[in-house]
Structures are given as C-alpha cells and as structure tokens.
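# Descriptive structure summary
Letter by letter, the chains look like this.
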Amino acid sequence: SKRNGRDRYAVFDPAMYADVLREARVRTELERAVAEEQFFVLYQPIVDMPSGRPTGVEALVRWRHPTDGVLGPDTFIPYAEESGLIVPLGRWVLRQACDQLAEWRRELPSARELHMSVNLSARQFQNPNLVEEVADAVSRSGIEPSCLVLEITETTLMRDSDVVLAALHGLRRLGVRVAVDDFGSGYSSLGYLKRFPVDILKIDRSFVQGEEDADAATLTEAVIGIGRALRLQTVAEGVETSAQWSTLRELGCDLGQGFYFARPSEADVIARLLAGDMPS
Ligand code: C2E
Ligand code: CA
Ligand code: CA
Ligand code: CA
C-alpha cells in the first residue's frame, strides 16, 4: 500500500543511504589499496629532551589514493579497523618500518642506536598470530627486538584486557618494548599500569599544549612523576614551541616529539636529518 511505501521510504533515509554507500566504497577501495600497496610510511623523529637529538622515529601511515590524493590515517584507519583490513595493513606497516630501520642502522653510523615505534590498533590484538607476525617482521629485517617499540592506546589496554595482556607478555618475551599512546586522554585508571607490562608513557598532546592552562601543566607534571615512580620512560607528544620544550625539559620529561623538532617526513629526509644532526 501507499502507507507501507512511505514507511519504507522513511527507513531508507537518503542521508543514511549515502553514508552506507560511502562506507561501502571506502571499504572496497581499501581492499584494493591493501592489495596494490597504495600506502606509504612517513617517519617522525622522537628526540632526547636535553639535547633535542633524535633517538627514534614513529612510523605514521599515509594512503596515496588514486583520485583523492594523499590521505591521513584519521580518514581511513577507522574503516580499516571496522573491516578487519587493519590486520594486513598493520602487518605491512610493521614490516616496512622494521626494514627501514634495518637500512638506516646499516648505512648511517648515527642511526646505530635508533628506535622504531609502530602503532597497533585494538583490532590487531584479536589476531591470534600477532606475536608471531611481530617476531617475523623483526627477524626478517635483522633488527634487534629491543629497538622496536609498539604503541598502543589506553583504550586498547582497557578493552578485552585478558587477550591484550597475554599478547603483551608474548611481545615482552620477544624483547620488544611497549608504549602507552595518548596517555591521559582516555579512561585512565592507574591500576592498569601495574597490571600491564609497559615501558613507555606517551603524554597526550592536550596536556603538553595546554601551557597557558595551569591544570594542564599540573597534570603534565603529575604524569611525568608517575612515569618516574614506575620507572617508565616519558615522551611528550605534540611539542610545537621552544617554550613547551623548555618547560618539559625542566619537568624532567625524557623524550619529545612534535612539529617543533620535526614533522613526519619521507625516509630520505629523515636519513639526511640523521646524517647531519648526529655526527658520530
Ligand atoms: P598518534 O599515534 O598519536 O600519532 C601522532 C599524531 O600527531 C600524528 O598524526 C602526527 O602527525 C601528529 N603530530 C605530531 N607532532 C605534532 C604536533 O606538534 N602538533 C600536532 N598538532 N600534531 C602532531 P597522524 O600521522 O595524522 O596520525 C594520526 C593517528 O593515526 C595516530 O595518532 C595513530 O593513532 C594513527 N596511525 C597512524 N599510523 C598508523 C598505523 O600504521 N597503524 C595504526 N593502527 N594507526 C596509525
Ligand atoms: Ca602513536
Ligand atoms: Ca599519540
Ligand atoms: Ca592519537
């Protein structure tokens, strides 16, 4: 009947339909992108706070989309997680990053101690082969496991925590290190820091950048204190000004990352920076 038709029309709300179409399109495109390796990796230096010299880099994925240009992870990682494509994509990024580190450590005397940080999504912890795949990426590249850092967010730690805990113990047995990413931005129960084997705290940039905000400064100081008390390394994210750098240095933060030091860059730019900045 006419009435039924109208009801059906109400269910197929055009705006919602457009969303579903867009999602389906992105998913199909992502599948092809994984198969055709349309991704590339940028690297952002992580520096020693006192000296400002790079001690490591973080791998940050980009998508060279065939028609839309270069896309940042915030536009496609959520779809990749939802569809499960983050598992093959994450494996690819990990291999790429380990191979790149091996090359730098081989070719640049100043990169002999360099570390590589790679982001892991919650979804990747549901992959029962995660630890094996990490072991594989490390061994085929020939890097030492201790120079690989895997970054996971607080939310990942809180979700499905038994599975995550088991994987973290497996990763620790391999000798890779684990950083808590965006620390302080989410559901922060300090209890989990004792429960999970982690090595590094990355202080979320909302704290680091709130220097005019007295509360943010106090929280940054508190987080650095927690790191020190638990013998964890602390990394300040999103350092954009020399004022932020000096404040964090005075607070005793170990490492820093942000546009003030360097933007995420292509591997060859990083190689030049390492060669010039850190004469051996
Ligand atoms: P994240 O892990 O917190 O990475 C840091 C983000 O902050 C990067 O954004 C970086 O470009 C940006 N950033 C660095 N310094 C500054 C600064 O001084 N100011 C500001 N405003 N931003 C700064 P990007 O590359 O767009 O990545 C966004 C997020 O996407 C990452 O956040 C991470 O959660 C995710 N991501 C990136 N690559 C991967 C990947 O290979 N796998 C997974 N699962 N997630 C990834
Ligand atoms: Ca990260
Ligand atoms: Ca972060
Ligand atoms: Ca983030």
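Residues numbered from 1 in each chain as written. Chains lettered and ligands numbered in written order. Predicted model: local features only at pLDDT ≥ 70, side-chain atom pairs only at ≥ 80, totals over all residues. Heavy atoms only, no water.

### A closer look at the overall build of the protein chain
Secondary structure summary: the protein chain contains 12 helices and 9 strands in total. Its C-alpha atoms give the protein chain a radius of gyration of 21 Å, within 12% of the compact-globule value 19 Å for 280 residues. C-alpha extents for the protein chain along the principal axes are approximately 80 × 45 × 35 Å. Relative to its full complement of 280 residues, the protein chain shows a buried share of 46%. Here the contacts in the protein chain between residues at least 6 apart in sequence split such that 67% fall between residues at least 24 apart. By element, 50% of the accessible surface of the protein chain is carried by carbon and sulfur atoms, the whole surface being about 14500 Å². Computed over 31 positive and 42 negative side-chain charges, the separation of the two mean positions in the protein chain equals 4 Å. (Helix = DSSP H or I, 4+ residues; strand = E, 2+ residues; numbered from the N terminus. Rg over C-alpha atoms; globule rule 2.2 N^0.38 Å. Buried < 20%, exposed > 50% of the residue type's maximum accessible area, 1.4 Å probe, protein only. Contact = heavy atoms within 4.5 Å. Areas by Shrake-Rupley, 256 points an atom, 1.4 Å probe, with all protein chains shown as cover. Lys, Arg positive; Asp, Glu negative; His and termini not counted. Charge placed at Lys NZ, Arg CZ, Asp CG, Glu CD.)

### Describing the coordination of the calcium ion (ligand 2)
The protein atoms that coordinate the calcium ion (ligand 2) are E58 (OE), N119 (OD1), E151 (OE) and D181 (OD), at distances of 2.1 to 2.3 Å. For the calcium ion (ligand 2), all donor residues lie on one chain, and their spacing in sequence is E-x60-N-x31-E-x29-D. The exposure class assigned to E58 is buried, which follows from its relative accessible area of 4%. (Donors = N, O, S within 2.8 Å, 3.2 Å for Na, K, Ca; no water.)

### Observations regarding the site of ligand 1
Every one of the 23 residues lining ligand 1 counts as a neighbour, but R62, S121, D181, E240 and F259 are closest to it. Within the side chain of D181, a nitrogen or oxygen atom sits 3.0 Å from an oxygen atom of ligand 1. Bound to the protein, ligand 1 loses 83% of the 800 Å² it would expose on its own. Of all the secondary structure elements, the ones that give two or more residues to the shell around ligand 1 are β2 (54-65), α3 (73-83), α4 (86-107) and β6 (177-183). (Near = heavy atom within 4 Å. Polar contact = N/O pair within 3.5 Å; in protein donor to acceptor, adjacent residues only side chain to side chain.)

### A short note on the coordination of the calcium ion (ligand 3)
Within the protein, the atoms that donate to the calcium ion (ligand 3) are D181 (OD), D182 (OD), E237 (OE) and E237 (OE), at distances of 2.2 to 2.5 Å. All donors of the calcium ion (ligand 3) come from a single chain, and their spacing in sequence reads D-D-x54-E. In this model, the calcium ion (ligand 3) sits 4.0 Å from the calcium ion (ligand 2), the two metals being bridged by D181. Highlighted residues: D182 in strand β6 and E237 in the loop between β8 (233-236) and α11 (242-251), separated in sequence by 55 residues.

### Digging into the environment of F259
Among the structural elements, F259 can be located in the loop between β9 (255-256) and α12 (267-277). C-alpha of F259 to C-alpha of G227: the two residues are 32 residues apart in sequence and 23 Å apart in space.

### Notes on the packing of helix α2 (residues 14-36) against α3
Viewed as axis vectors pointing N to C, α2 and α3 meet at an angle of 80°, and their least axial separation amounts to 10 Å. As summarised for this structure, α2 and α3 are arranged roughly perpendicular, according to the angle between their axes. Along its contact with α2, which presents E23, V26, R27 and L30, the element α3 presents F76, Y79, A80, E82 and S83. Along the lines of polarity and charge, the residues of the contact of α2 with α3 split into 5 nonpolar, 1 polar and 3 charged. (Axes fitted to C-alpha atoms, helices over the stretch in contact; angles between N-to-C directions. Parallel < 35°, antiparallel > 145°, perpendicular 65-115°, else oblique. Nonpolar A, V, L, I, M, F, W, Y, C, P; charged D, E, K, R; others polar.)

### Things to note about the packing of aromatic side chains
Taken as a whole, this structure holds 8 aromatic pairs when the rule is applied. Taken together, a centroid distance of 5.7 Å and an interplanar angle of 45° make the contact between F39 and F76 tilted. Taken together, the residues F39 in strand β1 (residues 39-48) and F76 in helix α3 connect sequence positions 37 residues apart. The two residues F39 and F76 agree in class, both being buried. (Phe/Tyr/Trp six-rings, centres within 6.5 Å; stacked < 30°, edge-to-face > 60°.)

### Brief notes about the pattern of salt bridges
Side-chain pairs of opposite charge can arise where the charged atoms are in close proximity. Within this structure, the stated rule accounts for 12 salt bridges. Here R172 ties to D199 by a salt bridge, and the two come within 2.8 Å at their closest N and O atoms. Of this pair, R172 sits in helix α7 (residues 161-174) while D199 sits in the loop between α8 (191-195) and β7 (200-203), and the two are 27 residues apart along the sequence. A residue is classified by how much of its surface remains accessible, and R172, at 39% relative accessible area, is partly exposed. One connected set of salt bridges, linked through shared partners, spans E58, E151, K202 and E237. (Salt bridge = Lys/Arg side-chain N within 4 Å of Asp/Glu carboxyl O.)

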